[in-house]
Amino acid sequence: MSHKVTTVWKENMIFESDNPNGYTFNLGQSENSNDPYKPLGPKAVMLSSLAACSGLDVVSITEKMKTEFANFKIEVQGELTGEHPKTYHTVNVDYHFYGKDLEEEKITKAVNLSVEKYCGVMEMFRQFANVETQIHFHNA
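Overview of the structure. (Residues numbered from 1 in each chain as written. Predicted model: local features only at pLDDT ≥ 70, side-chain atom pairs only at ≥ 80, totals over all residues. Heavy atoms only, no water.)

**A closer look at the environment of isoleucine 61**
Okay, so step 1: Along the chain, isoleucine 61 turns up in helix H1 (residues 42-64).
Okay, so step 2: Judged by its relative accessible area of 12%, isoleucine 61 is buried.
Okay, so step 3: Counting along the chain gives 53 residues from isoleucine 61 to serine 114, while the straight-line C-alpha distance between them is 8.6 Å.
Okay, so step 4: The contact partners of isoleucine 61, leaving out residues within four places of it in the chain, are Ala110, Leu113, Ser114 and Tyr118. (Helix = DSSP H or I, 4+ residues; strand = E, 2+ residues; numbered from the N terminus. Buried < 20%, exposed > 50% of the residue type's maximum accessible area, 1.4 Å probe, protein only. Contact = heavy atoms within 4.5 Å.)

**Notes on the sheet that holds strand E4 (residues 71-80)**
Okay, so step 1: Strand order in the open sheet formed by three strands is E4-E5-E6, and the pairing between neighbours is mixed. Only two strands of the sheet have a single partner each, and these edge strands are E4 and strand E6 (130-139). Ignoring which end each strand starts from, the neighbouring axes of this sheet average 15° apart.
Okay, so step 2: As paired strands, E4 and strand E5 (residues 88-99) are joined by 10 bridges and run antiparallel to one another. Within E5, the residue paired with lysine 73 across the bridge is histidine 96.
Okay, so step 3: Along the sheet face, H1 touches E4 and E5 and points at about 145° away from the line of E4. (Pairing = 2+ DSSP bridges. Axes fitted to C-alpha atoms, helices over the stretch in contact; angles between N-to-C directions.)

**Points about the packing of aromatic side chains**
Okay, so step 1: All told, the structure shown has six aromatic pairs when counted by the stated rule.
Okay, so step 2: Taking 6.0 Å as the distance between ring centres and 25° as the angle between the ring planes, the aromatic pair formed by phenylalanine 97 and phenylalanine 137 counts as stacked. Taken together, the positions of phenylalanine 97 in strand E5 and phenylalanine 137 in strand E6 put the pair 40 residues apart, joining distant regions of the chain.
Okay, so step 3: With a relative accessible area of 23%, phenylalanine 137 lands in the partly exposed category.
Okay, so step 4: Arranged with centres 5.2 Å apart and planes meeting at 40°, the rings of phenylalanine 125 and phenylalanine 128 form a pair that is tilted.
Okay, so step 5: On the basis of relative accessible area, phenylalanine 128 is assigned to the partly exposed category, the value being 37%.
Okay, so step 6: Pairwise contacts between aromatic rings join Phe69, Phe72, Phe97 and Phe137 into one cluster. (Phe/Tyr/Trp six-rings, centres within 6.5 Å; stacked < 30°, edge-to-face > 60°.)

**A closer look at the pattern of salt bridges**
Okay, so step 1: All told, the structure shown has three salt bridges when counted by the stated rule.
Okay, so step 2: Between lysine 73 and glutamate 75 there is a salt bridge whose closest N-O contact spans 3.5 Å.
Okay, so step 3: Overall, the relative accessible area of 38% leaves glutamate 75 in the partly exposed class. (Salt bridge = Lys/Arg side-chain N within 4 Å of Asp/Glu carboxyl O.)

This is the structure in structure tokens:
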């Protein structure tokens, strides 16, 4: 299996990229907050990809375990090196679960399975950064 994307320069510091699902999005830098392209920063997109990859695992696993939560979010923070090429050296991933009577043991198992076994993006990040994870339960 492989993925192929095509990224095309639009203008200034803006690129348009497709993905294997056929959707496009803009990447780059803009000084103008009203920029019609609304580009995403390439490094921040990497953090979003990490969150989405692990989040997909967690949702799938918790569904199979028949455990529920009212809401779920993942906050990812990456610390960049000071020298070029600037890369993430430390990444913190915080999983937040909200709901009533959360089954913490099952949810923790689902997160750990994602972190340790299933999330390929997490494993890629481990090749160049120290990745720390924490789970937070917010019982209503």
